[in-house]
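Coordinates in review
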Amino acid sequence: MSVADDARGRFGDLTRAEQGVVGFIVVLAALLLFGLVTGGLAPTYFLYLVGLVGMYVLLSFGLNVQWGYTGLINFSVAAFFGIGAYGTALLTARNSPIGAEGWRFSLAGVELVWVSGARLYGVVPLTVVGLLAAVALAAVVAVAIGIPTLRLRADYLAIASLGLAEVVRLLFLNQRGVTNGSAGLRGLPGFFDGWPVLGTLPQTLPGIQVHEVAVPGLGSTRLLGFTLGAPFWQALLNVALVLAMVAVVFAVLRRVHRSPWGRVLRTIRSDEDLAEALGKDTYAFKMQAFVLGSVIMALAGVFYAHLNLFVSPGDLEPINTFYVWIAVILGGSGSNRGAIFGGFVVIAIREGTRFLGEVLPASFPLDLPLVTSAYARIVNNFASTRLLAVGLLIVLVMRFRPQGVLPPQRELIWPASVAGSAGPGETNPRETVTEDAAAGASEAGSDPDAELNDPATRNGGEDHE
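Along each chain, residues carry numbers from 1 onward, in the same order as the chain's sequence is written. Where local features are concerned, this predicted model is filtered to residues with pLDDT of at least 70; where side-chain atom pairs are given and counted, the filter is 80 or more; whole-chain, interface and lining totals use all residues. With hydrogens and water stripped out, all remaining heavy atoms of the structure feed into the side-chain values.

**Let's talk about the overall build of the protein chain**
When its secondary structure is counted, the protein chain shows 20 helices and nine strands. Only protein chains enter the area calculation, which uses a 1.4 Å probe; residues under 20% of their type maximum are buried, those over 50% are exposed, and those in between are partly exposed. Counting all 465 residues of the protein chain, 42% fall into the buried class. Where accessible areas are quoted, they stem from the Shrake-Rupley method and a 1.4 Å probe; at the residue level, only the protein chains shown are allowed to cover. For the protein chain, the exposed area adds up to about 23,900 Å²; of that, 66% sits on carbon and sulfur atoms. Runs of E in the DSSP output that reach at least two residues are strands. Runs of H or I that reach at least four are helices, and both are numbered from the N terminus.

**Considering helix α13 (residues 318-331)**
The span expected for a helix works out to 1.5 Å for each residue beyond the first. With 14 residues, α13 extends 21 Å between its outermost C-alpha atoms, agreeing within 8% with the 20 Å of an ideal straight helix rising 1.5 Å per residue. Restricting attention to buried positions, one finds in α13 the residues Asn-320, Thr-321, Tyr-323, Val-324, Trp-325, Ile-326, Ala-327, Val-328, Leu-330 and Gly-331.

**Here's the deal with a nonpolar patch on the surface**
On the surface, Leu-162, Ile-319, Phe-322 and Leu-387 cluster together to form a nonpolar patch covering roughly 320 Å² of accessible area. Mapped onto the secondary structure, Phe-322 falls in helix α13. Under the relative-accessibility criterion, Phe-322 is labelled partly exposed at 32%. In this scheme, patches are assembled from residues that exceed 30% relative accessible area and form no salt bridge. Like charges are connected within 9 Å, while nonpolar side chains (Val, Leu, Ile, Met, Phe, Trp, Tyr) are connected within 5 Å. Put simply, a salt bridge is a Lys or Arg side-chain nitrogen that is within 4 Å of an Asp or Glu carboxyl oxygen.

**Section: the side chain of Ser-60**
The topology assignment puts Ser-60 in helix α3 (residues 43-69). According to the relative accessible area criterion, Ser-60 is buried, its value standing at 0%. In the analysis that follows, any N or O atom pair within 3.5 Å is treated as a polar contact, provided that within protein one partner can donate a hydrogen and the other can accept it, and provided that, for residues neighboring in sequence, both atoms belong to side chains. Among the polar contacts made by the side chain of Ser-60, one reaches the main-chain carbonyl oxygen of Tyr-56 at a distance of 2.8 Å.

**Some words on the packing of aromatic side chains**
Two rings from Phe, Tyr or Trp (for Trp, the six-membered ring) form a pair when their centres sit within 6.5 Å of each other. Planes less than 30 degrees apart are called stacked, planes more than 60 degrees apart edge-to-face, and all others tilted. Scanning all chains against the criterion turns up 13 aromatic pairs. On the basis of an interplanar angle of 80° and a centroid distance of 5.4 Å, the ring pair of Phe-24 and Phe-341 is categorised as edge-to-face. Of this pair, Phe-24 sits in helix α2 (residues 16-38) while Phe-341 sits in helix α14 (residues 336-359), and the two are 317 residues apart along the sequence. For Phe-341, a relative accessible area of 10% translates into the label buried. Taken together, the aromatic side chains of Trp-67, Phe-75, Phe-322 and Trp-325 make up a single cluster linked through ring pairs. Across the ring face of Tyr-283, the terminal group of Arg-151 is positioned such that the distance to the ring centre comes to 4.0 Å. Only when the NZ of Lys or the CZ of Arg is both within 6 Å of the ring centre and within 35 degrees of the ring normal is a charge said to sit over the ring. Above the ring of Phe-400, the side-chain terminus of Arg-399 is found at 4.9 Å from the ring centroid.

**Some thoughts on the pattern of salt bridges**
A side chain of one charge can pair with a side chain of the opposite charge if their charged atoms are brought near each other. Per the counting criterion, the structure on display carries three salt bridges. With its nearest N and O atoms 3.2 Å apart, the salt bridge here joins Glu-272 to Lys-286. Placement of the pair is Glu-272 in helix α11 (residues 272-277) and Lys-286 in helix α12 (residues 282-308), with a sequence separation of 14 residues. Linked through salt bridges whose partners overlap, the residues forming this network are Glu-166, Arg-169 and Glu-317.

**A closer look at the confidence of the model for the protein chain**
Residue-level confidence of the predictor is summarised by pLDDT, bounded by 0 at the bottom and 100 at the top. Averaged over every residue, the pLDDT of the protein chain is 78; the share at 70 or more is 74%. Whether two residues touch is decided by their heavy atoms; if any such pair falls within 4.5 Å, the residues are in contact. Predicted confidence is poor over residues 104-114, with pLDDT under 50, and the contacts of this stretch with residues over four places away or in other chains come to 16 contacts. Across residues 421-465 the pLDDT falls below 50, and counting only partners more than four positions away or on other chains, this stretch makes 39 contacts in the model.

**Some remarks on empty space enclosed by the protein**
Put plainly, a pocket is an open set of points on a 1 Å grid over the protein atoms alone with protein on both sides within 12 Å along at least five of seven lines, a cavity is a set where a 1.4 Å probe fits but cannot get out, and a lining residue has an atom within 4 Å of a point. Grid points are joined across faces, edges and corners, and a volume is the space filled by probe spheres set on the points. Counting across every chain of the model gives two cavities of 30 Å³ or more. Size it by volume and the second largest cavity reaches roughly 50 Å³. Lining the second largest cavity we find Leu-72, Ile-73, Asn-74, Ser-76, Ile-145, Thr-149, Leu-150, Leu-157, Ser-161, Leu-164 and Phe-290. Looking at the lining of the second largest cavity, the elements with two or more residues in it are α5 (126-149) and α6 (155-174). Three residue categories are used. Nonpolar comprises Ala, Val, Leu, Ile, Met, Phe, Trp, Tyr, Cys and Pro, charged comprises Asp, Glu, Lys and Arg, and polar comprises the others, including Gly. In terms of residue class, the lining of the second largest cavity is built from seven nonpolar, four polar and no charged.

**What to know about the packing of α3 against helix α9 (residues 230-258)**
For helices, the fitted axis covers only the stretch in contact; all axes are lines through C-alpha atoms, and the angles between them, taken along N-to-C directions, range from 0 to 180 degrees. As a packed pair, α3 and α9 sit with axes 9 Å apart at the nearest point and diverge in direction by 20°. With respect to α9, the element α3 is oriented roughly parallel. Regarding α3 and α9, the two cross each other, and that crossing is left-handed. When an angle is under 35 degrees it counts as roughly parallel; over 145 it counts as roughly antiparallel; between 65 and 115 it counts as roughly perpendicular; any other value is oblique. Left-handed is the label given to a crossing in which the near helix is rotated counterclockwise from the far helix by less than a right angle, and right-handed is the label when the rotation is clockwise.

**Side note on the environment of Met-55**
Looking at the element boundaries, Met-55 is found in helix α3. Measuring from C-alpha to C-alpha, the distance between Met-55 and Tyr-304 comes to 6.9 Å, with 249 residues separating the pair along the chain. Not counting residues up to four positions away in its chain, the partners in contact with Met-55 are Phe-81, Val-242, Ala-300, Phe-303 and Tyr-304.

Dropping the structure here:
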C-alpha cells in the first residue's frame, strides 16, 4: 500500500468533524506558508504566533480540568495567568522593585551574593526559580480561594471567580511599590538565559541569508528574502519550550482523564449528589481539580512573560478569560484535542483580524451610501471587529455544534478497546446514530415493527444524552 493510499484510508476513518478540522489546519498552514514565501509574514513573527497558540492551549487545558472535567465555572483564568506571569517577572525583571538580581546578605561579617548574573548561587538559572515560585504561588492562591468558593455552586462560583480576577488585576495595578503599577515590568530575560549551552546558543548559531527570488513572467514580484539570525533562533527555542509544556500537560491530562480520579470528576460534573452518595469527598476532588487547572494556567503565564519580555496589568483584562472559554467551548468541553484546536482558532481570529483590513478593498464596489460608509468604517478599524467575529462564532457553534467540534467521547476510550471494536468505536455517537438508524431500517426491510421498535428512529434520529 502506498503512502497516499494509507493517508487516504486514515482520513476516511475520521469523523466528519475531524475531517473538517484537518481541512482547516491544511488551509491555515497553506496561508501561513504563502505568507512566509511572499514575505508578508516574517519567520520570527510566525514563531511568535506559534508560541501564542501554545500559551492559549495551556490555558484551555487548565480550564478544561476545571470546567470540562469537574463542572467548575471559573471566570478567573486571567487571574492565575497573571499570577504566573508576575510571579516569575517579579524575580527576574530588571526594573522589578523586588527583583532577585544582586540579592545579598551577610553571614558572620561576610557578604554573600545569592544571585550572580542570571543564576541563583551561581548554579540554578533564575528563570527556573521564577517558574517554581510562580507555580507555588498559584497553587497557594488556588487553595486559599478554593476553600470558601468551591462550596458554592453554579452561578455563585462564577460570580465569585469573576470578582477574584478583578481583585488580582487591580492589586497588580495599584501596588506600585511591588509591581511597578501600570508601567509594568520590563527587561525580563528569555527563559533560557543563564542556562549552560542553551543560554548562548542563539548567538552562536550562524545567520542564514535567504535571497529574494524573481518570479518569471510576473515583473517585479519577489519571493522569499529574509535572514535567520539570533532573534529567529531565540524564537525557535521559545517554541520548543511551549511545545514541550503542551506535550507534557497533554500526556498527564490524557492519563488523568481515563483514570479513576478522572471518572470521579466527570461524575461530579454530571451529578454531584450521586458522587457523594457513592462515598466520594466531592469537595476534596473539586479542590484538587481547581488547583491542578490553576497551576497549568500559571505555567502559561510564565511562558508568556519570558516570550513577551514584558508584563503589565493590561494582560489580565477579563476579555482574555473569555477568549479561553471560547476556545474550550469551540473545541468541546472536556476534550483536550478540542482545547488544542480552540487555541488555534482563537489566535487565528485575534491575529488574523490585524491584517484583513489591509487585504480587503478600500471601498465597497457598489454605490450604496449606508453600506459604503459602514464598510469603510469596518475596513479602517478591522482589528476592533474581532469581538464581532468571536460572537458570530459562538452563535454558530451553539446552533450547529453545541457539543463542540471535537467532543471527548473518543478520548475516553482506551486505544486497545477502539482497535478491538467492530462498530463505530472511534466516531462520535451524535454523528453516527442517524446512520445506524438508517442501516437498521434497511436491514429490517419493510417490517414496520422493526422500525417502530428502533429507539433512534422513534426519537427522530436524535441522540438524547
